[in-house]
Amino acid sequence: MSSIQGRHILAVLVENKPGVLTRVAGMFARRGYNIHSLAVGPTEDPRVSRITIVAGTEAVRLEQIIKQLNKLIHVLKIVELAHGDSIERELQLVKVSATTQTRSQIIELADVFHAEIADVDHDAITIELASTPERLESLVDLLAPYGIRELVRTGTIALARGEKSITDGSKLRLRPVS
Amino acid sequence: MQVTGAQAVMKSLEQLGVTDVFGYPGGAILPAYDPLVDSPLNHVLVRHEQGAVHMAEGYAQATGKVGVCIVTSGPAATNIVTGLQDAHLDSIPVLAITGQVASGAIGSDAFQEADVTGITMPCTKHNELVREVARIPAAIKEAFHIASTGRPGPVLVDIPKDILNAVFEWRWPDTMDLPGYRPTVRGHGKMVKDALDLISQAERPVIYAGGGLVRAGAQEELFEFATMLELPVVTTLMARGVFPDRHELWVGMPGMHGHWAATKAFQESDLLITLAARFDDRVTGRLEDFAPKARIIHVDVDPAEIGKNREPDVPIVGDAKVVLGQLVEVARAKLAEVKPEISAWRATVAAWKAGHPLAWDQADEGVIKPQTAISAIAQTWGDEAVYVAGVGQHQMWSSQLIPFSRQRQWINSGGLGTMGFAVPAAMGAKVGVGRDVPVVCIDGDGCFQMTFQEIAAAVQHDIPVTFIVINNGYLGMVRQWQSLFYEGRLSQVTLPQDLPDLVKIADAYGIPGFRAMTIAELQPVLDKAHEITDRPVLIDVRVDPMENVFPMVPAGGSNDDVIESDAEWRERSAQ
């Protein structure tokens, strides 16, 4: 469970049109809502993009955020993904200092997390891990003593567990592709 | 038929039934001004682009139709930003068409380039940069639809010059592709029943009527609902006129400068029937203290308004006109059950209203009190006129003192408080209502000097508005705050009453100009101006510079602390 207080994951389906990300991000900025992370990408339908937003807010504000998002003309659908009932993933690349003495320990640690060794050099190793935010943080904690040289992390993406899909095109009232 | 993008703009507007547009040509929009020569559209050439968008707003507010303005790129587009935000806050349907630099030049800091869709994103309901010529008809049709449905608002369509010049096969789309836009129109049946349940149990209910009722054109439905259930009605600044002031159920206007009885009725109420209003800070005062004993029914077409400032007990999302129709229909079927027994409450409210009229000291001779001037204006032009005001003291006195009788009779800048709104908005309103309905622009001397250059357009295009300046030689509302809250230290608020000489201004524009210096001169001047209906008129009414607007709830204060009069203020500050 990653139900960190006041963190809400919103899956926002939008029309794949220019400027739509600016509209969404701008709405958050102008109304003073806090974004922890934001990830945007295509879906199985080329007309639809999916923005995953982790918003930092209490529940009352969340309702207002969802309503304001819904007012954007290019927003098709918004679903809050409950922690626990959804699969959350982030991708992290971390470059750690490594000597001949520590290299094998670091690789062992990476194995425990089922992380990939993305790159090895004389005195550094880059580890790639796609997992929950909590596991990414644990790995970083354990790597910290070796010396973290650089770290990059994407925003959260998430899907609800089970068979249901929120991107059924017919329900989104999209026009058939001509 | 092959047409250019520019021709498609004109044809699209004609298809949508547009008859009047307000604009100003220039570089990037030049192609669109060529087919205008052959178009049946009536185009008003403004003197500053801000005038074009305010005229479109005034037109829209007076008619309920979409107001259209056309301007060029860069500085012209940035000049309409104020009006777009004004329309955004007051939910006014406006379509703005802007020229843009050629597609290939976008992003190169070209001459008269500005990121107009970027700049206007937060101050429009929607906007679009058109990227291909064949998209023009659909873009304009969709923009018009978005502007005028749901919660109305401004929509901007930005069209690069090369796209205006490009040629395509004309086709008017029969459908629209707006999968993410479907406003709720009908209220939820169960919520309608719940609302009537609350009303039936209420002991001190009040209708809180907001500006959305005017946008929805709901005055008949409101009248039927209120009179059938005999519920007291409070009309906000934006809703003035949607329920007739002369009706016995009308209580007044609430809020910072509202009528004492209306503010009091809210504070004592046990049920606010909120119709297309938004619990604005100028109405609520300190939010935690607003109507503390009241349960809330909230009807609004914009779901985001519900629960934004005050959590309702019964939320109803829907068009106010339709929802009121539903409420009336259900209530009529079981009137005995639904109608609350509140004759004692009505009597209490009526006694507050009778006991707390607006009052001011007008001497028989000499200086004119601004309230006297505005009352005399209302009496002279009467019920048939549309009244348009700017922002400040004159606006508050006008909203307090003119006895309104119908929706769209009162036009002002409520949400944004845009000084300079009145002159162009009144002209737009006049274009909308036509020859037979007088339009009276009541402006302050500060506001007037922001946009009076548009009088040239009023003369050139034969738009006979009566412009009346309530000239107190101050930025009156700011002066009032400095007098009351800054120990009378007046800072940068003096606008000498003779600067400029407004009668000479009238003369310069070739229109009749009058001045009233004293109470004896007031009515004769108004009568003379009233007789002139075929051309613009300008009246300079010199009023008492130090008069303050009361009642007043100090900013951030509780509505329970409303100060009713100058005398009460002096008494309180002496303590």
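These numbers come from a predicted model, not from an experiment.

Scanning chain A from terminus to terminus reveals 4 helices and 9 strands. The linear arrangement of helices and strands in chain A, starting from the amino end, is β-α-β-β-α-β-β-α-β-β-α-β-β. In terms of principal-axis extent, the alpha carbons of chain A reach across some 60 × 40 × 30 Å. For chain A, buried positions account for 25% of its 178 residues. Look at the contacts in chain A between residues 6 or more apart in sequence, and 75% of them connect residues 24 or more apart.

Quick look at the pairing of strand S20 (residues 537-542) of chain B now. Residue and element names in this part refer to chain B. Burial analysis of S20 places 6 of its 6 residues in the buried class, which makes it a mostly covered element. Of the two faces of S20, both are covered, the one formed by Val537, Ile539 and Val541 as well as the one formed by Leu538, Asp540 and Arg542. Examined bridge by bridge, strand S18 (residues 466-471) and S20 share 6 bridges and lie parallel to one another. In the sheet register, Asn471 faces S20, and the bridge partner there is Arg542. Chirality of the crossover, the property in question, places the unit of strand S19 (residues 513-516), helix H24 (residues 519-531) and S20 among those that are right-handed.

All names here are of chain A. Taken together, 4 strands build an open sheet; the order of strands is S2-S3-S1-S4 and the sheet is antiparallel. Each having just a single partner strand, strand S2 (34-42) and strand S4 (75-81) make up the two edges of the open sheet. On average, each strand axis in the sheet is tilted by 20° relative to the strand beside it, whichever way the strands run. For S2 and strand S3 (residues 48-56), the ladder comprises 8 bridges, and the chain directions are antiparallel. Paired with Pro42 across the two strands is Ser49, which belongs to S3. Its contacts with the sheet place helix H2 (residues 59-71) against strand S1 (7-15), S3 and S4, and it is angled at close to 160° to S4.

This part is about the interface of chain A and chain B. Interface extent is often summarised as the accessible area lost during association of the parts. Contact residues are listed per partner, giving 19 residues for chain A and 14 residues for chain B. Among the secondary structure elements, those contributing two or more residues to the side of chain A that touches chain B are helix H1 (20-30), H2 and S4 of chain A. Of the residues forming the side of chain A that touches chain B, the biggest block, 5 residues, is contributed by H2 of chain A. Residue composition of the side of chain A that touches chain B, grouped by class: 5 nonpolar, 6 polar and 8 charged.

Residue and element names in this part refer to chain B. With parallel pairing, the 6 strands of this open sheet are ordered in space as S11-S10-S9-S12-S13-S14. Every interior strand has two partners, whereas the edge strands, strand S11 (250-252) and strand S14 (314-317), have only one. Taking each pair of neighbouring strands and ignoring which way they run, the sheet shows an average axis angle of 20°. Summarising the sheet, strand S12 (residues 271-275) and strand S13 (residues 295-300) pair through 5 bridges and their orientation is parallel. Following the sheet pairing, Ile273 is matched in S13 by Ile297. Contacting strand S9 (205-209), S12, S13 and S14, helix H9 (residues 189-201) crosses the sheet at an angle of about 140° to S14.

Residue and element names in this part refer to chain B. Buried within helix H22 (residues 476-485) are the following residues: Gly476, Met477, Arg479 and Gln480. Here the buried residues of H22 occupy an arc of 155° about the axis, which is enough to place them on one side. In this fold, the buried residues of H22 make contact with helix H18 (393-401) and strand S17 (439-444). Following H22 by one or two positions, Glu487 adopts a phi angle in the positive range, close to 55°.

Further remarks concern the domain arrangement of chain B. Residue and element names in this part refer to chain B. Per the domain assignment, the segments making up chain B are domain 1 (2-169), domain 2 (189-355) and domain 3 (370-546). Using only C-alpha atoms to locate each centre, domain 2 and domain 3 end up separated by 31 Å. With 15 residues of domain 2 at the contact, the number on the domain 3 side is 12 residues. Its residues assigned to classes, the side of domain 2 that touches domain 3 comprises 6 nonpolar, 6 polar and 3 charged.

In this section: the packing of helix H3 (residues 49-63) of chain B against helix H5 (residues 81-89) of chain B. Residues and elements named next belong to chain B. Close contact between H3 and H5 brings their axes to 8 Å; oriented N to C, the two are set at 20°. With respect to each other, H3 and H5 are oriented roughly parallel. Of the two possible hands of crossing, H3 and H5 adopt the one that is right-handed. Residue-level contacts link Gln50, Val53, His54 and Glu57 of H3 to Thr82, Gly83, Leu84, Asp86 and Ala87 of H5. A breakdown of the residues in the contact of H3 with H5 according to their chemical character gives 3 nonpolar, 4 polar and 2 charged.

Attention shifts here to the nonpolar core. Generally speaking, soluble globular proteins have nonpolar side chains that are buried together. Ranked by internal contacts, the top residues of the largest apolar core, which has 203 residues, are Cys69, Val94, Ala209, Leu213, Leu275, Val388 and Cys441 of chain B. Residues Val96, Ile106, Ala110 and Ala115 of chain A belong to the second largest nonpolar core, which totals 12 residues.

The rules behind these values
- Think of each chain on its own: its residues are numbered from 1, step by step along the sequence as written.
- Both sets of labels track the order of writing: A upward for chains, 1 upward for ligands.
- Restriction of local features to residues with pLDDT of at least 70 applies here, the model being predicted, together with a cutoff of 80 or more for giving and counting side-chain atom pairs; totals for whole chains, interfaces and linings are based on all residues.
- Every helix listed is a DSSP run of H or I at least four residues long, and every strand listed is a run of E at least two residues long, numbered separately from the N terminus.
- A residue is called partly exposed when the number of other C-beta atoms within 10 Å of its own lies between 12 and 20, exposed at 12 or fewer, and buried at 20 or more, with C-beta atoms placed from the backbone.
- Any residue pair is listed as a contact if its two C-beta atoms, each placed from the backbone, are within 7 Å.
- Two strands are counted as paired when DSSP detects at least two bridges linking them.
- If the strands point away from the viewer and the path from the first strand over the helix to the second runs clockwise, then the crossover is right-handed.
- Note on definitions: angles span 0 to 180 degrees between N-to-C directions of axes, and those axes are lines fitted to C-alpha atoms, for helices only across the stretch in contact.
- Think of it as three bins: nonpolar holds Ala, Val, Leu, Ile, Met, Phe, Trp, Tyr, Cys and Pro, charged holds Asp, Glu, Lys and Arg, and polar takes everything else, Gly as well.
- Each C-beta atom gives one direction from the helix axis, and the arc is the one those directions make.
- For each domain, the first and last residues come from an automatic or database assignment.
- Oblique is the label for any angle not under 35 degrees, not over 145, and not in the 65 to 115 range, which are roughly parallel, roughly antiparallel and roughly perpendicular in turn.
- In a left-handed crossing the near helix is turned counterclockwise from the far helix by less than a right angle, and in a right-handed crossing that turn is clockwise.
- Joined through C-beta atoms within 7 Å, a set of buried Ala, Val, Leu, Ile, Met, Phe, Trp, Tyr and Cys residues constitutes a nonpolar core.

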